[in-house]
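# Working through the structure, step by step
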Amino acid sequence: MTVISLIFGYFLIVDDGGWFKPIGRDSAIIFIAIVYILGQLIVREVSKILLTNKVKDKY
């Protein structure tokens, strides 16, 4: 996902210094990809815990 985002960013997003001033376009894409992956892992673990507790409560 991150590699595809970097490829699309390279071809479709102009590397404008004003928008990506503190870290740059590529670093911003990588940062957002890391946040997205961490969000998925957190949601996965929370849902796993909640579903496991529901199954334990039934028995």
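One structure accompanies this document, and this report is about it. Because the structure is a prediction, the values reported are computed rather than measured.

Turning our attention to the overall build of the protein. When you go through the protein residue by residue, the secondary structure sums to two helices and zero strands. Counting every position in the protein, which comprises 59 residues, the buried fraction comes to 10%. Total accessible area on the protein is roughly 5,300 Å²; 71% of this is exposed by carbon and sulfur atoms.

Ring pairs (aromatic) are described by centroid distance and by the angle formed between their planes. Across all of its chains, the model carries one aromatic pair by this definition. Between Tyr 10 and Phe 11, the ring centres sit 5.1 Å apart and the planes meet at 80 degrees, which makes this aromatic pair edge-to-face.

The next point concerns a nonpolar patch on the surface. Where nonpolar side chains cluster on the molecular surface, the patch consists of Met 1, Ile 30, Ile 34, Tyr 36, Ile 37, Leu 38, Leu 41, Ile 42, Val 46 and Leu 50 and spans about 930 Å² of accessible area. Topologically, Met 1 is positioned in the segment before α1 (2-12).

What follows covers the pattern of salt bridges. Evaluated as defined, the whole model comprises two salt bridges. A salt bridge links Arg 25 to Asp 26; its shortest N-O distance comes to 3.3 Å. Residue classification places Arg 25 among the buried positions, given a relative accessible area of 8%.

Moving on: the side chain of Arg 25. Within the fold, Arg 25 resides in helix α2 (residues 25-58). Those residues in contact with Arg 25 that sit more than four places away from it in its chain are Gly 9, Tyr 10, Ile 13, Val 14, Asp 15 and Phe 20.

With that settled, consider the environment of Ile 29. Of note, Ile 29 is situated in helix α2. Note on Ile 29: relative accessible area 14%, which makes it buried. Spatially, the C-alpha atom of Ile 29 lies 7.0 Å from that of Ser 5, the residues being 24 residues apart in sequence. Among all residues touching Ile 29, those that are not within four sequence positions of it are Ser 5, Leu 6 and Gly 9.

Rules used throughout
Residues numbered from 1 in each chain as written. Predicted model: local features only at pLDDT ≥ 70, side-chain atom pairs only at ≥ 80, totals over all residues. Heavy atoms only, no water. Helix = DSSP H or I, 4+ residues; strand = E, 2+ residues; numbered from the N terminus. Buried < 20%, exposed > 50% of the residue type's maximum accessible area, 1.4 Å probe, protein only. Areas by Shrake-Rupley, 256 points an atom, 1.4 Å probe, with all protein chains shown as cover. Phe/Tyr/Trp six-rings, centres within 6.5 Å; stacked < 30°, edge-to-face > 60°. Patch = residues over 30% accessible without salt bridge, like charges linked within 9 Å, V, L, I, M, F, W, Y side chains within 5 Å. Salt bridge = Lys/Arg side-chain N within 4 Å of Asp/Glu carboxyl O. Contact = heavy atoms within 4.5 Å.

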